[in-house]
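The lines below spell out each chain.
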Amino acid sequence: SIREFLCSEAMHALGIPTTRALCVIGSDYPVYREQPETAAVVTRLAPCFIRFGHFEHFCHHDLHVQLRQLADYVIDRFYPQCRLDTRLKGNAYANFLQAVTERTARMVAQWQAVGFCHGVMNTDNMSILGLTIDYGPFQFLDAYNPGHICNHSDTQGRYAYNKQPNIAYWNLFCLGQALLPLIGEQELALAALEPYKTVFPAELEKRLGAKLGLHEARPEGKALIEGILKLLAQDKVDFTIFWRTLSRWVASNAPLDDAAALAPVRDLFIDRPAFDTWLLSYSELLTHIGRGLMANLMLKTNPKYVLRNHLGEEAIQKAKLKDFSGVNTLLALLETPFDEHPGLEAYAGFPPDWASSIEISCSS
């Protein structure tokens, strides 16, 4: 409950569509899960909690009247434009599927850009409004590992970080199957899903470009993004620390040959000559666009503080002893993750060695 409470508020502050957390209510009543724990309830807020799975339920049980009632309610309440849209032959249900597809594509692109792993992306955990929902075995990346699996019960790596985009598309395909009795034509359903293939990569490039200080897509920007992600993965560089440190260096306006100013960024890499080569290309953009303009965007895009697993674990251990100071401190930091917060820099530091042994599952 504490993890979900903190993370939903953290995601909101990062600008990522999410359900919200109003409060956590605790009790000393024992709950037996992987181990005995004290009970708690997190009170969540959202315009609705309808998921892809609700539509699958009615379709798979051939309850098409109820399926139509649910779809009509969601369209009229949240997607009224789908009744007027002339695309896809003016089919409101196909338009609805396309609208959900586009929202979901944008949300997952935002996940990838901040290094967020959801951990259990089944259709019951996918919001029909394109909101991040059901924070269980989530994790923000420490070292950048595209194949990172955050859910220790995900033995096949189905929900690994780099598989999230395809899993989201698969879930949308399942939603399309569930809506097919209403859409009527398979071709229309497939056409409604097609925008995912363009919206997601375009949105991801935009988000990653912003992390480099690019206000708009540029031909050289894509190569720079691909190049730095390859280096981050190769040297297992801390994802959040790299982007924030690069932002600070750009903001410093220090020249490229100022080794002392560059060291905090450069020393994150093992293959420093490779980073130097990348930085030389990046510096051409800095000169062309202007470091001040780029740094301003970067410092608003690359957070200093994210909810790392070890920070959450430390706060939870204190809370078990009725000390909620850790939760309160984290909440304050995560509500303003782009601010510096002098004196609390330790919360933005590298994870301790023991952090890699933390096991998070659906019971978390």
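You'll find the structure just up there.
Novice: Which residues make up the nonpolar core, and what are the values?
Specialist: Ranked by size, the top nonpolar core spans 111 residues in total, and within it Phe55, Ile128, Phe242, Leu246 and Tyr282 carry the most contacts. In terms of residues, this core owes the most to one element, helix H4 (residues 92-114), which gives 13 residues. The residues contacting Leu246, other than those within four sequence positions of it, are Leu212, Val265, Trp278, Tyr282 and Met298.

Novice: Report on helix H7 (residues 196-211), specifying residues and quantitative values.
Specialist: Taking 1.5 Å of rise per residue, the 16 residues of H7 would be expected to cover 22 Å, and the 22 Å separating its terminal C-alpha atoms lies within 8% of that figure. Residues of H7 that are buried include every one of Tyr196, Val199, Phe200, Glu203, Leu204, Leu208, Gly209, Ala210 and Lys211, and no others. Elements in contact with the buried residues of H7: H4, helix H5 (164-183), helix H6 (186-193), helix H8 (219-235), helix H9 (239-252) and helix H12 (291-301). Where H7 terminates, the next one or two residues include Gly213, which has phi positive at roughly 95°.

Novice: Hey, could you go over the packing of H4 against H5 for me, with residue numbers and the actual values?
Specialist: Contact geometry for H4 and H5: axes closest at 10 Å, N-to-C directions at 170°. Classified by the angle between their axes, H4 and H5 sit roughly antiparallel to one another. Our pair here, H4 against H5, has a crossing hand that is right-handed. Contacts between H4 and H5 involve Tyr93, Ala94, Phe96, Leu97, Val100, Thr101, Thr104, Val108, Trp111 and Gln112 on the former and, on the latter, Gln164, Pro165, Ala168, Leu172, Leu175, Gly176, Leu179, Leu182 and Ile183. Here the contact of H4 with H5 is composed, by residue class, of 14 nonpolar, five polar and no charged.

Novice: Please give an account of empty space enclosed by the protein that cites residues and values.
Specialist: Empty space among the atoms becomes visible once a probe the size of a water molecule is rolled across them. Tallied over the full model, the rule gives one cavity of 30 Å³ or more. Taken as a whole, the largest cavity encloses approximately 40 Å³ of empty space. Taken together, Val114, Lys211, Phe239, Thr240, Trp243, Pro303 and Val306 make up the full set of residues lining the largest cavity. Top contributing element to the lining of the largest cavity by residue count: H9, with three residues. Looking at the lining of the largest cavity, its residues break down into five nonpolar, one polar and one charged.

Novice: Tell me about the pairing of strand E1 (residues 20-32), and please be specific about residues and values.
Specialist: For E1 and strand E2 (residues 36-45), the ladder comprises nine bridges, and the chain directions are antiparallel. Counted as the bridge partner of Tyr32 is Pro36 from E2. Hairpin connection of E1 to E2: three residues between the antiparallel strands.

Novice: Explain the pattern of salt bridges to me, using residue names and the numbers behind them.
Specialist: If you walk through the whole model with that rule in mind, you get 19 salt bridges. Taking the shortest distance from any N to any O, the salt bridge between Arg44 and Glu4 comes out at 2.8 Å. In this pair, Arg44 sits in strand E2 while Glu4 sits in helix H1 (residues 2-13), placing the two residues 40 residues apart along the sequence. Looking at Arg44, the relative accessible area reads 25%, which means it is partly exposed.

Novice: So what about the packing of aromatic side chains? Which residues, and what values?
Specialist: Under the definition given, this model contains 19 aromatic pairs. Taking 5.3 Å as the distance between ring centres and 25° as the angle between the ring planes, the aromatic pair formed by Tyr144 and Phe239 counts as stacked. Placement of Tyr144 in the loop between strand E4 (139-140) and H5 and of Phe239 in helix H9 is noted, with a sequence separation of 95 residues between them. Comparing Tyr144 with Phe239, the two get one shared label, buried. An aromatic cluster of at least three residues, connected via ring pairs, comprises Tyr144, Tyr161, Phe239, Phe242, Trp243, Phe269, Phe275, Trp278 and Tyr282. Here the basic side chain of Arg291 rests over the ring of Trp249, its NZ or CZ set 4.4 Å away from the ring centre.

Novice: I'd like to hear about unusual backbone geometry, residue by residue, with values.
Specialist: Peptide bonds are, in most cases, trans, and in most cases residues other than glycine have a negative phi. Backbone geometry places Asp134, a non-glycine residue, at a positive phi of 65°. Inspection of the secondary structure assignment puts Asp134 in the loop between strand E3 (116-117) and E4.

Novice: Let's hear about the layout of surface pockets: which residues, and what values?
Specialist: Empty space within the largest pocket amounts to approximately 1200 Å³. Around the largest pocket, the lining is made up of 40 residues, and of these Ser1, Ile2, Glu37, Thr38 and Ile316 lie nearest the centre. Those elements giving two or more residues to the lining of the largest pocket turn out to be H1, E1, E2, helix H13 (309-320) and helix H14 (325-335). When residues of the lining of the largest pocket are assigned to their parent elements, the largest contribution, six residues, is made by E1.

Rules of the game
Residues numbered from 1 in each chain as written. Predicted model: local features only at pLDDT ≥ 70, side-chain atom pairs only at ≥ 80, totals over all residues. Heavy atoms only, no water. Core = buried A, V, L, I, M, F, W, Y, C linked by side-chain atoms within 4.5 Å. Buried < 20%, exposed > 50% of the residue type's maximum accessible area, 1.4 Å probe, protein only. Helix = DSSP H or I, 4+ residues; strand = E, 2+ residues; numbered from the N terminus. Contact = heavy atoms within 4.5 Å. Expected span 1.5 Å × (residues − 1). Axes fitted to C-alpha atoms, helices over the stretch in contact; angles between N-to-C directions. Parallel < 35°, antiparallel > 145°, perpendicular 65-115°, else oblique. Left-handed = near helix turned anticlockwise from the far one by under 90°. Nonpolar A, V, L, I, M, F, W, Y, C, P; charged D, E, K, R; others polar. 1 Å grid on protein atoms, 1.4 Å probe; cavity = no way out; pocket = protein on both sides within 12 Å on 5 of 7 lines; lining within 4 Å. Points joined across faces, edges and corners; volume = space filled by probe spheres on them. Pairing = 2+ DSSP bridges. Salt bridge = Lys/Arg side-chain N within 4 Å of Asp/Glu carboxyl O. Phe/Tyr/Trp six-rings, centres within 6.5 Å; stacked < 30°, edge-to-face > 60°. Lys NZ or Arg CZ within 6 Å of the ring centre and 35° of its normal.

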